[in-house]
Amino acid sequence: MESVLVEYKESLAYVTINRPDVLNCFDYQTLKEMDDIVSRLAMSSEIHAIVFTGAGEKAFSAGADLKERKTLTLEETRRNVAFIQRVFQAIAELPQPTIAAVNGFALGGGFEWMLACDFAVCTENAVLGLTETSWGIIPGAGGTQRLPRVVGEMKAKELILTAKRLDAMEAKELGLVLSVVSQKQLMDEARELAMAMLKNAPIALRQANYAIKQAGNVDLQTGLALEAKAYELTLQSEDRKEALLAFSEKRKPVFSGN
């Protein structure tokens, strides 16, 4: 049985870790499948937004598969940690907007997976946390770097060094998730957010997303230069011409992604 499932609807891709019996934990096989899927999605010109979630109603992902970890050598453990960091970075670098639909536990690597996405929505019963220090390790898939960029350094230190778990409303108050909904509403909420973006030009979405992501990594002048380059790419698009034509004809534009 596949550990990661992909479903395509319109211009949306739904990527689901299919290991509900182990709270959708990441083992090596799951990482390999996710890496392949993310690589293919990154090259797709047909998919304009991606929703990531976990199977079942208990967990988005509870992180690394500790049962597997117990069987690994030190070198194999290092391999897995490097691999999960690489896969999550690939998710963070996807050109399409990404949404984490968090259905329950998002702990350790599961929380880091969420942080690698552009947006997150979660269920009322969601529990989030970077709990690695309670296991004698530290976040190793981007958590120490991405969490401070969202909540600030001091709050990130509190959450990581105390291994604190957050409930859904605490996560929303900290700006970690956009909205909190019932389990039944979760995927509709994620789809509604995606469709609100997909009514706009795909190239513009990708370039705006890229420029915003770079803002936290460079100084202002470099960021402005990157923005100008991203803007230039939209100027050459057929969708920009279509938007101007639609305005003159008093109708909604029909974007092609070209």
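Residues numbered from 1 in each chain as written. Predicted model: local features only at pLDDT ≥ 70, side-chain atom pairs only at ≥ 80, totals over all residues. Heavy atoms only, no water.

Section: helix H5 (residues 143-151)
If you check which residues of H5 are buried, you get Gly143, Arg146, Leu147 and Val151. Projected down its long axis, H5 carries its buried residues within an arc of 110°, all on one side. As for H5, its buried residues are in contact with helix H3 (74-92), helix H4 (109-115) and helix H6 (153-162). Following H5 by one or two positions, Gly152 adopts a phi angle in the positive range, close to 95°. (Buried < 20%, exposed > 50% of the residue type's maximum accessible area, 1.4 Å probe, protein only. Helix = DSSP H or I, 4+ residues; strand = E, 2+ residues; numbered from the N terminus. Arc of directions from axis to C-beta. Contact = heavy atoms within 4.5 Å.)

Overview of the side chain of Asn209
You can see Asn209 is positioned in helix H9 (residues 202-215). A relative accessible area of 12% places Asn209 in the buried class. When near neighbours in sequence (up to four residues on either side) are disregarded, Asn209 contacts Leu94, Pro95, Gln96, Pro97 and Asp118.

A word on the sheet that holds strand S8 (residues 127-129)
Pairing in this open sheet of four strands is mixed, and the strands run S4-S6-S8-S9 from one edge to the other. Because the sheet does not close on itself, it has two edges, and the strands there are strand S4 (59-61) and strand S9 (166-167). One ladder, built from two bridges, connects S4 with strand S6 (residues 105-107); its direction is parallel. The residue bridging Ser61 from the neighbouring strand is Ala106, located in S6. (Pairing = 2+ DSSP bridges.)

Some points on the sheet that holds strand S5 (residues 98-102)
Pairing between the strands of a sheet is mediated by backbone hydrogen bonds and can be parallel or antiparallel. Strands sit in the order S1-S2-S3-S5-S7-S10 across an open sheet of six strands; the sheet is mixed. For this open sheet the edge positions go to strand S1 (4-9) and strand S10 (179-181), each flanked by a neighbour on one side alone. The mean inter-strand angle of the sheet, taken between neighbouring strand axes irrespective of direction, is 20°. Direction of pairing for S5 relative to strand S7 (residues 119-123): parallel, over a ladder of four bridges. Each residue of the ladder has a partner; that of Ala101, found in S7, is Val121. Where helix H1 (residues 28-42) meets the sheet, its contacts fall on S1, strand S2 (12-17) and strand S3 (49-54), and the angle it forms with S1 comes to roughly 25°. Contacting S2, S3, S5, S7 and S10, helix H8 (residues 186-198) runs over the sheet at an angle of about 165° to S5. (Axes fitted to C-alpha atoms, helices over the stretch in contact; angles between N-to-C directions.)

Quick look at unusual backbone geometry
Of note in this structure, Leu23 is not a glycine but carries a positive phi near 55°. Note on placement: Leu23 falls in the loop between S2 and H1.

Quick look at the pairing of S2
With six of six residues buried, S2 is to be regarded as a mostly interior element. By the alternation rule, side chains of S2 split into Leu12, Tyr14 and Thr16 and Ala13, Val15 and Ile17, which are all buried. Where S1 hands over to S2, the hairpin turn is made up of two residues, of which Glu10 adopts a positive phi near 55°. Sheet topology note: the S2/S3 ladder contains six bridges and is parallel. Across the sheet, residue Tyr14 finds its bridge partner in S3, namely Val51.

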